Amino acid sequence: MISSRIRTLVLVVVLLAGNSIVSSCVAPDTSNLPKEDATTAAARKEMVGLSEADVRMCAGFPTATADAGGSQIWTYQRTVRRGNLNVVIPTLAVGAVPTVGGSLNVDPGGYCNTQIRMVDGRVAEVAYAGDNNTPNHRDALCVSTVDGCVAYARQRHQVRTGAIAR
């Protein structure tokens, strides 16, 4: 016969093992991850279908192009200079008390490579790469490349559908 202590121990081990198996199936908490910038997210959808001429009108000429087996990839490289926000705390020293002071620097800069895949002369896909995130938004440093194109695409859509905002 198995004593009640051994049964209890076996039950605890089984429950702990089952709990670890179930917890490994749970999706991770992503609530603290920054959300994609609204403009760059809109560009992924609203720029699709624009012609090569439309993209040149709203974003300018690409920095680089590459053939990719039946399609072309246009790259727009943007560098955002690293700026500084300096907060300086004065240095204080009183007798034998150690020195207190310092500064805080915030560097919001980085770079963004916006890639636009062209298939048959039209935008098929928009993607972003680089050091392009800010503390609150993913791909936020790419906004300057696509914000004009999002507005241009919306304007063209209104003209085509006859829906003019008043």
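Residues numbered from 1 in each chain as written. Predicted model: local features only at pLDDT ≥ 70, side-chain atom pairs only at ≥ 80, totals over all residues. Heavy atoms only, no water.

A. Expanded view of the state of the cysteines. Under the definition given, this model contains two disulfides. Between the sulfur atoms of Cys58 and its disulfide partner Cys149 the distance amounts to 2.0 Å. Negative torsions about the S-S bond denote left-handed disulfides, and the value of about 90° found for Cys58 with Cys149 makes this one right-handed. Separated by 91 residues along the polypeptide, Cys58 in helix α3 (residues 52-59) and Cys149 in helix α4 (residues 143-161) bring together distant segments of the chain. (Disulfide = S-S within 2.5 Å. Helix = DSSP H or I, 4+ residues; strand = E, 2+ residues; numbered from the N terminus.)

B. The arrangement of the packing of α3 against α4 in detail. Where α3 contacts α4, the axes come no closer than 8 Å and their chain directions differ by 125°. Comparing the axis directions of α3 and α4 gives the class oblique. Seen from above, α3 lies across α4 with right-handed handedness. In this structure, α3 contributes Asp54, Val55, Met57, Cys58 and Ala59 to the contact, and α4 contributes Thr145, Gly148, Cys149, Tyr152 and Arg156. (Axes fitted to C-alpha atoms, helices over the stretch in contact; angles between N-to-C directions. Parallel < 35°, antiparallel > 145°, perpendicular 65-115°, else oblique. Left-handed = near helix turned anticlockwise from the far one by under 90°. Contact = heavy atoms within 4.5 Å.)

C. Representation of the packing of helix α2 (residues 38-46) against α4 in the model. Put simply, α2 and α4 touch, their axes get as near as 9 Å, and they point 50° apart. On the basis of their axis angle, the class for α2 and α4 is oblique. For the element pair α2 and α4, the recorded crossing hand is left-handed. Touching Thr39, Thr40, Ala42, Ala43 and Glu46 of α2 are Val143, Val146, Asp147, Val150, Ala153 and Arg154, all from α4. Of the residues that constitute the contact of α2 with α4, the class distribution is six nonpolar, two polar and three charged. (Nonpolar A, V, L, I, M, F, W, Y, C, P; charged D, E, K, R; others polar.)

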